[in-house]
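Residue-level structural notes
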Amino acid sequence: EWPETGRLALYLLGLRATCPPPDLESQRSLVTWLKYHLEEDWAGSRRHGHPLTSFYQYGLGVLALCAHRKRVREEVIRRLLEAEHHHKFRHTGGSAVGESPRGEAGWWHPQAGCVAPEWVTRCVPADTEAVVVLAFTCLERERLVRSRLAAELRAARRRIRRRMVEEQRPDGFFGNVYSTPWAMQVFIASNMCRLQTVYGQAMAALLKNLDAFTITATMAQVLPVLHGRSYLDIASMRCQKEPDTLTAISPEPLPEMLGTMMVRLVVECPLPRCPQHQLYDQLVPAPAGASLLDVLRAAAAQEPHNFTFETQETPQGPFLTTVLGLEAQQQKRSYWQLLTDSSTSLQMGVAEYRPQDGDSIILRLSEW
């Protein structure tokens, strides 16, 4: 079973970055499959005017093909240009919310924003716009488009960069902490990072929040930025000159935390779907330093066993699908939102976030 557009695109980018021994036949096969998925992605949802997956994955596919120096049909590129012109990246029909091949929200998003319904609030248009800018820049830099189309790509890139600058948050982030590395790659790729104060502000904010990047997928996005690189550098690598400096290391074990913490766990369901707005409110004892997922397991294990939940495994880790028998339903655009208070959403998933003693966690069935 072959991966979908975004996942296959990421695999091809990673493959190019590792400078593997030449195996032209297998790489050619993967590139062919990606081209096939791009066409299937669009053809299956032609009447909606957007890909079956998302513009994010579609743009990522174009970027991956360019990194392998493969030409992309002009029609494929113009679909992204048209979407940018009509601001489709900023609507749920594009990629403001991750979509499955069946149009379902909360499906896999290669960026660590929209990999799960509970993380929908982290998935922002900045991700899509940045990926598209990188794809456009690559196509022009590798001279894979004609001069007239290249001029249109440059104009679109300028518009998107201008929006990024205008919409940078007061805390320095572009969209959110996970979208920021993508946006910063745009400035790196255009050699504008030293000229833009917004880049320095974003870097300062990123350095203060590196503990948010705890899984492989998010690390893969932030590490190039910390070294002043972008994914476009993959396309220009000269593998025969790359030193073989990769060595395996044994990670140091996390320090053992002794003691027990108490976390208040609350489950909320909106009216009129649930006659009772608050379905659960209990103190849950758990080992100090435990993840939120561990807290949920502790809640399910404690008497009188009136708390239940289910998760689904994804490439980005588990995400919450069902709580107290209530399933987040895609057709109703619902998901389980994780909050630390009535209005503050978590910026991590259940397996990443580690509550502190005395914290309150709200699981709220919400709509996107």
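Residues numbered from 1 in each chain as written. Predicted model: local features only at pLDDT ≥ 70, side-chain atom pairs only at ≥ 80, totals over all residues. Heavy atoms only, no water.

1. A few points about the confidence of the model for the chain
- Looking at the chain, the pLDDT average stands at 80 and 82% of residues meet or exceed 70.
- Confidence, expressed as mean pLDDT per element, reaches its minimum in the chain at helix α2 (residues 24-43) with 83 and its maximum at helix α11 (residues 292-301) with 95.
- Counting interchain partners and residues more than four positions distant, the pLDDT-below-50 stretch residues 91-123 has 132 contacts. (pLDDT = per-residue confidence, 0-100. Helix = DSSP H or I, 4+ residues; strand = E, 2+ residues; numbered from the N terminus. Contact = heavy atoms within 4.5 Å.)

2. Describing unusual backbone geometry
- Note the cis peptide between Glu-303 and Pro-304, where omega equals 5°.
- Phi is positive for His-305, which is not a glycine, with a value near 55°.
- By secondary structure assignment, the location of His-305 is in the loop between α11 and β3 (309-314).
- For His-305, a relative accessible area of 43% corresponds to the partly exposed category.
- Unusually for a residue other than glycine, Leu-324 sits at a positive phi of about 55°.
- Among the structural elements, Leu-324 can be located in the loop between β4 (317-323) and β5 (326-327). (Buried < 20%, exposed > 50% of the residue type's maximum accessible area, 1.4 Å probe, protein only.)

3. With respect to the side chain of Asp-41
- On the secondary structure map, Asp-41 appears in helix α2.
- For the buried Asp-41, no salt bridge is present, and the opposite-charge side chain at shortest range is Arg-79, 9.0 Å distant.
- With residues near it in sequence (within four places) discarded, Asp-41 still touches Thr-5, Pro-51, Leu-52, Thr-53 and Tyr-58. (Lys, Arg positive; Asp, Glu negative; His and termini not counted. Salt bridge = Lys/Arg side-chain N within 4 Å of Asp/Glu carboxyl O.)

4. So, the side chain of Gln-302
- With respect to the secondary-structure elements, Gln-302 resides in the loop between α11 and β3.
- Leaving out residues up to four positions away in the same chain, Gln-302 has contacts with Tyr-280, Gln-282, Leu-283, Val-284 and Pro-285.

5. Details of the environment of Lys-35
- In this fold, Lys-35 is placed in helix α2.
- Accessibility expressed as a relative area gives 36% for Lys-35, which makes it partly exposed.
- Residues in contact with Lys-35, not counting those within four places in the same chain, are Leu-65, Lys-70 and Arg-71.

6. Looking at the sheet that holds strand β1 (residues 260-268)
- Spatial strand order, β2-β1-β7-β6: 4 strands in an open sheet with mixed pairing. Sheet topology places β2 (278-287) and β6 (334-339) at the edges, where each strand pairs with a single neighbour. Each neighbouring strand pair of the sheet contributes to a mean axis angle of 20°, computed without reference to strand direction.
- As paired strands, β1 and β2 are joined by 9 bridges and run antiparallel to one another. Bridging across to β2, Glu-268 finds its partner in Gln-278. (Pairing = 2+ DSSP bridges. Axes fitted to C-alpha atoms, helices over the stretch in contact; angles between N-to-C directions.)

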